[in-house]
Amino acid sequence: MTMMPIPADVSNLRVGKTMCPYCGVGCVLDVATRDNKVVELRGDPDAPSNRGLLCPKGALLSPVLDLPGRLLHPQFRAQRHAPILDATWDDTLNEMARRLNAIIEQYGPDSVALYGSGQLDTEAWYLGNKLFKGYIGSNHVDSNSRLCMASAVAAYRSTLGSDGPSTCYDDIDQSDCYLIAGSNMADAHPVLFQRMKGHRRMDPENVMIVLDPRCTHTAQAAVIHVPLRPGCDIAFFNAIARIALDHGAENRPFIAAHTMCFEEYGYMLRSLDLNELAEICGVSLELIERVATIIIRARGFLSFYCMGLGQSTVGTAKCQALIDIHLLLGQIGKPGAGPFSLTGQPNAMGGRELGGLAHLLPGFRMIENANHRREVEDYWGVPEGSIHPRPGLPAVEIFEALDSGRLKAIWIVCNNPLVSLPNLPLARRALQKAELVIVQDCFETETTNVADFVLPAAQWIEKSGTMTNSERRVARNMQLAEPPAQAKADWWIFSRVAQAMGYAGFNFESIEPIWDEYRGLTKGRPCDQYGMTNERLSAGTLQWPCPDDNHPGTPRRYTDKVFATPDGLARFITCAHAEPQESVSAAFPLLLTTGRLASQWHTMTRTGKISRLANQAAAPYVEVHPDDAKVHQIVEGTPVVVESVRGTARVVARFNHRLQKGTLFMPFHWGDPESAANNVTNDARDPLSKEPEFKACAVRLYPIMPSEVVEASA
Ligand SMILES: Nc1nc2c(c(=O)[nH]1)N[C@H]1C(S)=C(S)[C@@H](COP(=O)(O)OP(=O)(O)OC[C@H]3O[C@@H](n4cnc5c(=O)[nH]c(N)nc54)[C@H](O)[C@@H]3O)O[C@H]1N2
Ligand SMILES: Nc1nc2c(c(=O)[nH]1)N[C@H]1C(S)=C(S)[C@@H](COP(=O)(O)OP(=O)(O)OC[C@H]3O[C@@H](n4cnc5c(=O)[nH]c(N)nc54)[C@H](O)[C@@H]3O)O[C@H]1N2
Ligand code: SF4
Ligand SMILES: [Mo]
């Protein structure tokens, strides 16, 4: 193990390992603190996920402990519109328990919801999920992962039988063909992208193909960029598969021995017209054929995908159509090959494992499955029937139900929905109408501003906890600083609220026994973490499945080609192209897509206050092609309105001649009610995954007249 250079003065020094709290790459850091200040920070050279590397967001974490706007005390309003006042934890816990219990008594358990996050550690999120599903009896427990990974989850389950990628980061070094589809890895998963670029320098044969309507930093580094029309991935994947069939490149022995439903898939592919598919995609058939030829010839075909596939009304089908190609070519369950969904948040994978979505229970169990409910009820020691047999409402529907009055109370944890949800006008109205809004965060946010209860949470190294990164690697974060003032770890808050509500089963004083309870529930499940004892996690990281104490962990799944379906066979799913739910019209002639910037993390509660990161993203803006700007009378650098049927965003116009004509791009980081991108975005959802269509909506664009600017700022 490489030791970190220790500062000369070692008095009061706390030294340890922790994960970066931002993206799902899961970089591990060596950190030293003194008196709750970071005195040393570097990427852990021994960590398999980052091998010492960090991106600027991770490298600039030190100031995070002292940023302004920190929540320091519990606060609550005596009634809905009374002023919010500081309170003690005792009073807050008692009053919150009393108000939650009163609502449950009056309207039933079905009237309360918990909205969690892929940024919560496993122990905390496990307790919140247990409290609501096992004790309160409400399955309205969902997460921002619904806005993010839900389509990938649904696609894995329907094709391979279980959620979670089959692949690992080491596959990067063994692949000769990367397809990056709907992911801007250069900005969103930078350390992984560095590793891919490094491998390509060593292996000139490796080809990197990027499928993205925009010419992103990722696309600029690729050998081939396919600038497809937004939303047309299924047509593209089906065209690749059809060309493979035409070349007789399908892997017959693999298909015969390890899959089902190939016939229907093959029949559909043969009924398609390649020229039509190319036209749908808006790229030449020659380009598609070139890509297909490279993929067919690859020894190891590795595909990476993220929100450009998932955040769509056909998000699940997009992911399925890509997995179909891997099954067609037998490019899965072997080194350097497989579909690799990139998780966005640091514990989005862990949140899925512990059942932090409205249709799930811990260990990838399903609410709808009576045996699964019974197993979990027995384990928790609650009476049969405690877990409601119907899945709860998914994220956006929770807010619709608050708006319609069906739900009365919401507890929002580690999440800033008044910036990150689509169709913000509806979300704002929903939280206005709710009878009780509880928000648990580390910082003041757009969402804490409207809360009845504000619960101050510890962040990052102010607590310990466990997280799973994109390659199923589980890591233990060490506490290396004390939370400020009254802030408390999320697991502590859940356990104390549950106790105040009168429930047994939540008497915890540290994370270790919570972890032990949780890992027992994964025993024998596809995401088995039973072998990951507290001792082993203190010494290093492990990849699931890891069924017993001596098991080394599993870098790659399905190497025996036995999939997680009941019969062990993977399923082809036949998918047809469909346009985004909203198409452009005379009134709304432009298509808006949204996404991220390298320097900012989501709603900017931390990265927006760290000057070296904030300087790179000064003000909210929309990117527009100069030709479209001319048509809509937009001058570069001037204020404009982006408007959809749902709302408007007032931002500055920036020209980008690389954008496809007819499309606009907005980063969604800024949450000011005037300028938030999500005032405009579409909350239409994929019918299978319930993930909303953040990546395409119809808008119009017009300049703000100078007189209006003066008025607005007066
Ligand atoms: N710097 C930074 N990094 C992050 C985050 C962050 O906020 N900031 N967030 C993390 C999280 S939670 C997530 S989920 C990930 C997201 O990571 P990504 O998904 O890589 O990021 P996005 O910018 O949302 O979208 C990716 C790309 O999808 C493209 N796209 C839009 N429509 C389509 C389409 O129809 N087809 C295809 N093929 N592409 C399309 C967009 O042009 C965009 O370049 O990033 C993680 N990493
Ligand atoms: N238009 C558009 N909208 C999008 C997307 C898009 O691509 N386009 N992407 C969507 C996706 S993929 C995602 S994942 C979401 C992300 O959306 P959110 O999760 O709502 O965004 P964050 O800013 O990460 O919010 C996390 C909050 O938790 C707080 N926090 C940090 N650490 C802790 C902790 O340890 N405990 C507690 N209690 N709080 C903590 C932070 O201060 C912050 O307020 O946005 C979605 N919204
Ligand atoms: S790549 Fe992701 S996990 Fe690694 S330092 Fe950057 S933001 Fe953190
Ligand atoms: Mo995400």
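Please refer to the structure placed before this passage.
Quick caveat: nothing in here was measured; it's all calculated off a predicted structure. (Residues numbered from 1 in each chain as written. Chains lettered and ligands numbered in written order. Predicted model: local features only at pLDDT ≥ 70, side-chain atom pairs only at ≥ 80, totals over all residues. Heavy atoms only, no water.)

### Structural notes on the overall build of the protein chain
Looking only at helices and strands, the protein chain features 25 helices and 28 strands. Along the first, second and third principal axes, the C-alpha atoms of the protein chain reach 70 × 70 × 60 Å. Out of the 714 residues in the protein chain, the part that is buried amounts to 64%. A fraction of 72% describes how many contacts in the protein chain between residues 6 or more apart in sequence connect residues 24 or more apart. Of the accessible surface of the protein chain, which amounts to about 25,000 Å², a share of 52% is contributed by carbon and sulfur atoms. (Helix = DSSP H or I, 4+ residues; strand = E, 2+ residues; numbered from the N terminus. Buried < 20%, exposed > 50% of the residue type's maximum accessible area, 1.4 Å probe, protein only. Contact = heavy atoms within 4.5 Å. Areas by Shrake-Rupley, 256 points an atom, 1.4 Å probe, with all protein chains shown as cover.)

### Things to note about the site of ligand 1
For ligand 1, the set of nearby residues contains 34 residues, the closest of which are Asn-184, Asp-212, Gly-231, Arg-596 and Gln-600. Leu-211 is positioned with one of its backbone polar atoms (N or O) 3.0 Å from a nitrogen atom of ligand 1. At a separation of 3.1 Å, a nitrogen atom of ligand 1 approaches a polar backbone atom of Ala-598. Calculation on ligand 1 without its partners gives an accessible area of 910 Å², and the protein chains cover 99% of this total. Elements with a minimum of two residues in the shell around ligand 1: helix 5 (185–188), helix 13 (307–310) and strand 23 (590–595). Looking at side-chain class alone, the shell around ligand 1 contains twelve nonpolar, 14 polar and eight charged residues. (Near = heavy atom within 4 Å. Polar contact = N/O pair within 3.5 Å; in protein donor to acceptor, adjacent residues only side chain to side chain. Nonpolar A, V, L, I, M, F, W, Y, C, P; charged D, E, K, R; others polar.)

### Quick look at the pattern of salt bridges
All chains considered together, the criterion is met by 41 salt bridges. The shortest N-O distance in the salt bridge between Arg-51 and Asp-173 comes to 3.5 Å. Taken as a pair, Arg-51 in the loop between strand 3 (37–43) and helix 1 (56–59) and Asp-173 in the loop between helix 4 (150–160) and strand 8 (177–181) lie far apart in primary sequence, 122 residues in all. When the shortest N-O distance is used, the salt bridge between Asp-246 and Arg-242 registers 3.1 Å. One end of the pair, Asp-246, and the other, Arg-242, are both in helix 8 (residues 233–246), four residues apart, so they sit about a helical turn from each other. The partly exposed category is assigned to Asp-246, whose relative accessible area is 42%. Taking relative accessible area as the criterion, Arg-242 reaches 15% and is therefore assigned buried. (Salt bridge = Lys/Arg side-chain N within 4 Å of Asp/Glu carboxyl O.)

### Describing the site of ligand 3
Around ligand 3, the neighbouring residues are Cys-20, Tyr-22, Cys-23, Gly-26, Cys-27, Leu-54, Cys-55, Lys-57, Gly-58, Pro-190 and Val-191. Sorting the residues of the shell around ligand 3 by element identifies helix 1 and helix 6 (190–202) as the ones contributing at least two each. Residues that form the shell around ligand 3 fall into these classes: eight nonpolar, two polar and one charged.

### A word on the sheet that holds strand 2 (residues 28–34)
Reading across from one edge, 1-2-3 is the order of the three strands in this open sheet, with antiparallel pairing throughout. The sheet terminates laterally at strand 1 (13–19) and strand 3, the two strands that pair on one side only. Averaged over all neighbouring strand pairs, the angle between strand axes comes to 25 degrees, with direction disregarded. Judged from the seven bridges that link them, strand 1 and strand 2 form a sheet pairing that is antiparallel. Across the sheet, Gly-16 pairs through a bridge with Val-31, a residue of strand 2. (Pairing = 2+ DSSP bridges. Axes fitted to C-alpha atoms, helices over the stretch in contact; angles between N-to-C directions.)

### Let's talk about the nonpolar core
Counting residues in each nonpolar core, the largest one holds 109 residues, and the members touching the most others are Val-226, Phe-236, Phe-237, Phe-304 and Trp-460. It is helix 8 that contributes the most residues to this core, ten residues altogether. Discounting chain neighbours no more than four positions away, the residues touching Phe-236 are Leu-211, Val-226, Leu-228, Cys-281, Ile-288 and Val-291. Among the nonpolar cores identified, the runner-up in size contains 59 residues, and Ile-103, Leu-127, Tyr-518 and Cys-527 belong to it. (Core = buried A, V, L, I, M, F, W, Y, C linked by side-chain atoms within 4.5 Å.)

### Structural notes on the sheet that holds strand 21 (residues 542–543)
Overall, antiparallel pairing links the three strands, which are arranged 19-20-21 in an open sheet. At either end of the open sheet lies a strand with only one pairing partner, and these are strand 19 (465–468) and strand 21. In terms of strand pairing, strand 19 meets strand 20 (residues 473–477) through four bridges, oriented antiparallel. Across the sheet, the residue bridging to Gly-465 is Asn-477, located in strand 20. Of the strands in this sheet, strand 19 and strand 20 are in contact with helix 21 (residues 511–522), which crosses strand 20 at around 160 degrees.

### Some remarks on the environment of Glu-482
Along the polypeptide, Glu-482 turns up in the loop between strand 20 and helix 20 (490–500). Looking at Glu-482, the relative accessible area reads 40%, which means it is partly exposed. As for Glu-482 and Leu-65, which are separated by 417 residues in sequence, their C-alpha atoms are 9.8 Å apart. Setting aside its immediate chain neighbours within four residues, Glu-482 contacts Arg-14, Asn-36 and Glu-462. At a separation of 2.9 Å, a polar atom in the side chain of Glu-482 contacts the side chain of Arg-14.

### Comments concerning a negative patch on the surface
A cluster of acidic side chains, namely Glu-512, Glu-535, Asp-548 and Asp-549, defines a negative patch on the protein surface. With respect to the helices, strands and loops of the structure, Asp-549 is situated in the loop between strand 21 and strand 22 (570–571). Accessibility expressed as a relative area gives 45% for Asp-549, which makes it partly exposed. (Patch = residues over 30% accessible without salt bridge, like charges linked within 9 Å, V, L, I, M, F, W, Y side chains within 5 Å. Lys, Arg positive; Asp, Glu negative; His and termini not counted. Charge placed at Lys NZ, Arg CZ, Asp CG, Glu CD.)

### A word on unusual backbone geometry
Note: most peptide bonds trans; most residues except glycine with negative phi. Following Trp-544, the chain continues to Pro-545 via a peptide bond in cis, the omega torsion being 0 degrees. Of note, the phi angle at Asn-423 is positive, near 50 degrees, even though the residue is not glycine. Position of Asn-423 among the secondary structure elements: in the loop between helix 18 (417–420) and helix 19 (424–433). Although it is not a glycine, Gln-633 sits at a positive phi angle of roughly 55 degrees. Inspection of the secondary structure assignment puts Gln-633 in the loop between helix 24 (626–631) and strand 25 (639–643).

Spatial relationships are all this shows, so hold off on functional conclusions.
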